[in-house]
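Structure assessment
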Amino acid sequence: MSLSSIRVQAQEDHTETLALALQALLRWAGCQAGYADLNAGLGLAFMTSVRNPERCLATWMAEGRDALLERTAPRFGIKLRALHPPEAAAGLEDAPEFAQHFDASYRPLIERALENDQPVLACRGWPGESAELWGIITAVGDEGLGLRGTTPASGGELISLTTPPVQAYVVEEIRPHVPPDDELLRLAVRHADVVLRNQLDRRFGITSGPDVYPAWRERLRHEHVCAACSGHGANCHRKMAGAVTHARESAVEFLSHHRDRVADTARHLIGQIIAECEGVIRVLVRSCNLDSVGTLLDTAEGRAHLADDVKLAQAHEERIKTHIGRLGEMLAS
């Protein structure tokens, strides 16, 4: 199979670019896998996350997307090799010496992988709108870092990496496989439980689940909710709310497919989880509207309203956590 045929495709409201990249790899290997299935398997359909609460709100939901990747990829027949451990990836974008280390240590490994027709998953380092995204390195080139690839924002064209990616995984082998429904549901519920209980591998440095919401509310106490950006941070808050909303919409899609394929007791519990996910979406509606957010952030009262919405979303998430725990026990018995 030629690496030149790999393309990561953008999909409306499907915002988790790691899931889109895995989907592209499986498609390249001749297998059609659903975005909702991959997203749920990775734990991202139920994830709210932050690494450093002082950073821009819009970046919170871009962190730690690969925390469950090495558990999930093999279930779809993808064998990966990480180029460096997760604790080494944290803060690399702020380390000037990393460019030299990448050039000396990681670029040769990537080039060797490409020579062996092994694509490489890469997080960040892409230009323009692709800067924060996951993509797939598929070729060497003459521009930037000398490596080219595809992302959901590249419009089907190959683009050159301009800075070293903060994390990369060599795709050593793909024997494409979509798990059967019962296996996939157990995997997704198990990973959702890890995410919601804030039990991700500590090497990733990620806080996840309902534990993230107090930090989000704290940001709304201040006139400038995103001190890292100019203005009062309306678009940063909107992007955070939008990312959470899209994740729960994906969870609803995944669970709705599985609800009628389980026993009555589990079906009822899945229905409760869907209702709580829809509750999160509902209470964050005005946080997803840039005009509404901009107006509300202008006053202490308006910021309090947004903080109340985030608190309500946290309450829904706490109930989701409880229901997911019960569902996991039920499916395991």
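Keep in mind the model is a prediction, meaning the values are calculated, not measured.

Topic: the nonpolar core
With 109 residues, the main nonpolar core has Phe46, Leu69, Leu121, Ile137 and Trp216 as its most contacted residues. Looking at this core element by element, the count peaks at 10 residues for helix H9 (residues 234-259). Once residues lying within four places of it in the same chain are set aside, the contact partners of leucine 69 are Leu18, Leu22, Leu42, Pro74, Leu80, Leu121 and Tyr169.

A closer look at the layout of surface pockets
Of the voids in this model, the largest pocket is the one considered here, and its volume is about 790 Å³. Along the walls of the largest pocket sit 27 residues, with Thr15, Ala58, Ala62, Leu133 and Lys239 positioned nearest its centre. Listed by contribution, the elements that provide at least two residues to the lining of the largest pocket are helix H1 (17-28), helix H3 (57-60) and H9. Sorting elements by how many residues they give to the lining of the largest pocket places H9 first, with seven residues. Taken together, the residues of the lining of the largest pocket break down into 13 nonpolar, eight polar and six charged.

Topic: the packing of aromatic side chains
Using the criterion set out here, one finds three aromatic pairs in the structure. Taken together, a centroid distance of 6.3 Å and an interplanar angle of 65° make the contact between phenylalanine 102 and tyrosine 106 edge-to-face. Pair noted here: phenylalanine 102 and tyrosine 106 are both in helix H6 (residues 98-115), with a separation of four residues, about one helical turn. You can call tyrosine 106 buried: its relative accessible area is 11%.

A look at the sheet that holds strand S4 (residues 134-140)
Strand order in the open sheet formed by six strands is S2-S7-S3-S4-S5-S6, and the pairing between neighbours is antiparallel. Two strands lie at the open edges of the sheet, namely strand S2 (78-82) and strand S6 (159-160), each paired on one side alone. Relative to strand S5 (residues 147-150), S4 is paired through four bridges, and the arrangement is antiparallel. Each residue of the ladder has a partner; that of isoleucine 136, found in S5, is threonine 150. Across the face of the sheet, H1 comes into contact with S2, strand S3 (120-123), S4 and strand S7 (167-174) while running at roughly 45° to S4. Lying on the sheet, H6 is in contact with S3, S4, S5 and S7; it crosses S4 at an angle near 75°.

About the thresholds
- Residues numbered from 1 in each chain as written.
- Predicted model: local features only at pLDDT ≥ 70, side-chain atom pairs only at ≥ 80, totals over all residues.
- Heavy atoms only, no water.
- Core = buried A, V, L, I, M, F, W, Y, C linked by side-chain atoms within 4.5 Å.
- Buried < 20%, exposed > 50% of the residue type's maximum accessible area, 1.4 Å probe, protein only.
- Helix = DSSP H or I, 4+ residues; strand = E, 2+ residues; numbered from the N terminus.
- Contact = heavy atoms within 4.5 Å.
- 1 Å grid on protein atoms, 1.4 Å probe; cavity = no way out; pocket = protein on both sides within 12 Å on 5 of 7 lines; lining within 4 Å.
- Points joined across faces, edges and corners; volume = space filled by probe spheres on them.
- Nonpolar A, V, L, I, M, F, W, Y, C, P; charged D, E, K, R; others polar.
- Phe/Tyr/Trp six-rings, centres within 6.5 Å; stacked < 30°, edge-to-face > 60°.
- Pairing = 2+ DSSP bridges.
- Axes fitted to C-alpha atoms, helices over the stretch in contact; angles between N-to-C directions.

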